[in-house]
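Chain and residue survey
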Amino acid sequence: MKIFNTTSPCIPEKHYMVDLSSRLAQIKDMVDAGQYFVINRARQYGKTTTLFALKKFLKDSYVVLSLDFQGISSGGFRTEESFVKAFCRMLLARSNEYIPEDIASKLRDYGERQGNEALLDELFVTLLRWCKESDKPVVLMIDEVDSATNNQVFLDFLAQLRDSYINRDTAGNPTFQSVILAGVTDIKNLRRKIRPEEAHRFNSPWNIAADFKIDMSFSADEIAGMLHEYETDHGTGMNVKAVAQEIYNFTSGYPFLVSRICQLIDREKMPWTVSGVGEAVGMMIDDRSLLFESLMNKVKENDELSKLLQKILFVGDEVAYNRYITTIDDAEMYGFIKKDGKKVAIFNRIFETLLYDFYLLSQSMDAIFQKGINEKSRFVIDGHLQMEVLLERFIVTFDDLYGEHSAKNSKNLRGKKTEDVDTEETFDEEEGRRRFLLFVRAVINGTGNYYIEARTRSQTRIDVVIDYLGEQFVVELKIWRGNAYNERGEEQLAAYLDDFHLKKGYMLSYNFNKIKTQGIRHIKLGDRELVEAIV
């Protein structure tokens, strides 16, 4: 029986997986055209699985040499000689069945030489001779090129490939039909890693590479195809289309996340329902996966990246997409963001929640977070989140912490002196959202999750969507700026409810007027009910 796999290349005979045939056909078109290119995608984006499948897909037409630079130790990249030896040993070990004996003898000689006698140019003479004599065109695929990107010897290796490519096109000399490199790091960034001076930042010996624009994320229909196969084997009775769409809604088709959600539902015997997907997402976010740890390490190590992400998450600024800005290029390369029209957006709901948790829980000693932890038991009855009760207690908690002059005290929430700024300039929707999310996260931690829905189908801004054991709660946050403004907020929330097919929604209004009525009020708008909490 097949299983869902997240720890190694997926194999169709062993694992439930998305059908890759259309992508493989597109890649083969590039190979047929003799193109050299890089499959540059974030970690666990299906690069290795794609190369594994591509080798089988091309084998009738090409000799395919498939290498993995992760198998070469750091010492193998220290000098040209050590690299040539390591490269030859790996080539012989992984592709021996394809190599003619006279060529294999040469490679063994290079791999065993002593001293400083193994040179790149000599290796390439032998490789190009092989390409000339081979009955089929030769394709070279190298995975995990990140293992080499801090080393000058790898640049020299790329330069040799580039030289043979140019000679093929200008003089008709034999060389590889196609060279495919795969890794997280964009090859054009190699000079930036090795020689950080501005003048050399984007220079690379790999300027011959064709753009690789094939979408490697999974569509909802492709996820549904994988689930149809699982349903045929297991007969769960799931609504395949609805479950696939919900998985896509959370992941935006990020391959590892898609497989991991399915794996958790299957392993933990969760229901194959929309609510089961939400439950699996909550469990996954709480896991210390290698992908999540890698992402968070990038945030910790890169202050400019962290500032960009916080600007998108908390300030709500629209950041224009421009790959020539290093921070935006890095954020996209690592998988944090994607291009959304002419601006950038966090790649998916899961990464957004992960980042919110990271930034919010760094404030876990905040008093409002501790209050949420202390009172969380009163907000869940028979497995149902009591959102109205939660809002009532948030009002009391906020008032208790910041006193009856909460407007004045709120000026210090960002560390600003009370005499420096006006209240509305200091305490805006983004700060209100931050405080509310701290309280909510303390309550739903480990069971539910939340995300900030940037757009609904009506293309308008929404605030917080909370998932708790299959139930969704939409909460719009506002600063009170008069009745007319608030009424527009009520109409906006009603429109959000239509988008989410809900009849009840919630609004949290921060009102710093001296004359106000705190508490909960219920508003009827046709057949919908809005619950407004006024702080």
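Residues numbered from 1 in each chain as written. Predicted model: local features only at pLDDT ≥ 70, side-chain atom pairs only at ≥ 80, totals over all residues. Heavy atoms only, no water.

A separate point is the sheet that holds strand E2 (residues 63-68). Overall, parallel pairing links the 4 strands, which are arranged E1-E4-E3-E2 in an open sheet. At either margin of the open sheet sits one strand with a lone partner, and together these are strand E1 (37-40) and E2. Ignoring which end each strand starts from, the neighbouring axes of this sheet average 15 degrees apart. (Pairing = 2+ DSSP bridges. Helix = DSSP H or I, 4+ residues; strand = E, 2+ residues; numbered from the N terminus. Axes fitted to C-alpha atoms, helices over the stretch in contact; angles between N-to-C directions.)

Take helix H12 (residues 290-301) next. Under the 1.5 Å per step criterion, the end-to-end length of H12 is 16 Å for 12 residues, consistent within 8% with the ideal 16 Å. For H12, the set of buried residues is Leu291, Phe292, Ser294, Leu295, Met296 and Val299. (Expected span 1.5 Å × (residues − 1). Buried < 20%, exposed > 50% of the residue type's maximum accessible area, 1.4 Å probe, protein only.)

This paragraph deals with helix H5 (residues 120-133). Turn by turn, an α-helix covers 3.6 residues, leaving residues three or four places apart pointing in a common direction. Taking 1.5 Å of rise per residue, the 14 residues of H5 would be expected to cover 20 Å, and the 20 Å separating its terminal C-alpha atoms lies within 8% of that figure. Buried residues of H5: Leu120, Leu123, Phe124, Thr126, Leu127, Trp130 and Cys131, and no others. For H5, the angular spread of buried residues about the axis comes to 160 degrees, placing them on one side. For H5, the exposed residues lying more than 90 degrees away from the buried face are Val125 and Lys132. (Arc of directions from axis to C-beta.)

One number sums up the size of the second largest pocket: a volume of about 910 Å³. Lining the second largest pocket we find 37 residues, and of these Thr6, Thr7, Ser8, Gln44 and Phe256 sit closest to its centre. Those elements giving two or more residues to the lining of the second largest pocket turn out to be helix H2 (47-58), helix H10 (255-267) and H12. Of the residues contributing to the lining of the second largest pocket, the split by class is 16 nonpolar, 14 polar and 7 charged. (1 Å grid on protein atoms, 1.4 Å probe; cavity = no way out; pocket = protein on both sides within 12 Å on 5 of 7 lines; lining within 4 Å. Points joined across faces, edges and corners; volume = space filled by probe spheres on them. Nonpolar A, V, L, I, M, F, W, Y, C, P; charged D, E, K, R; others polar.)

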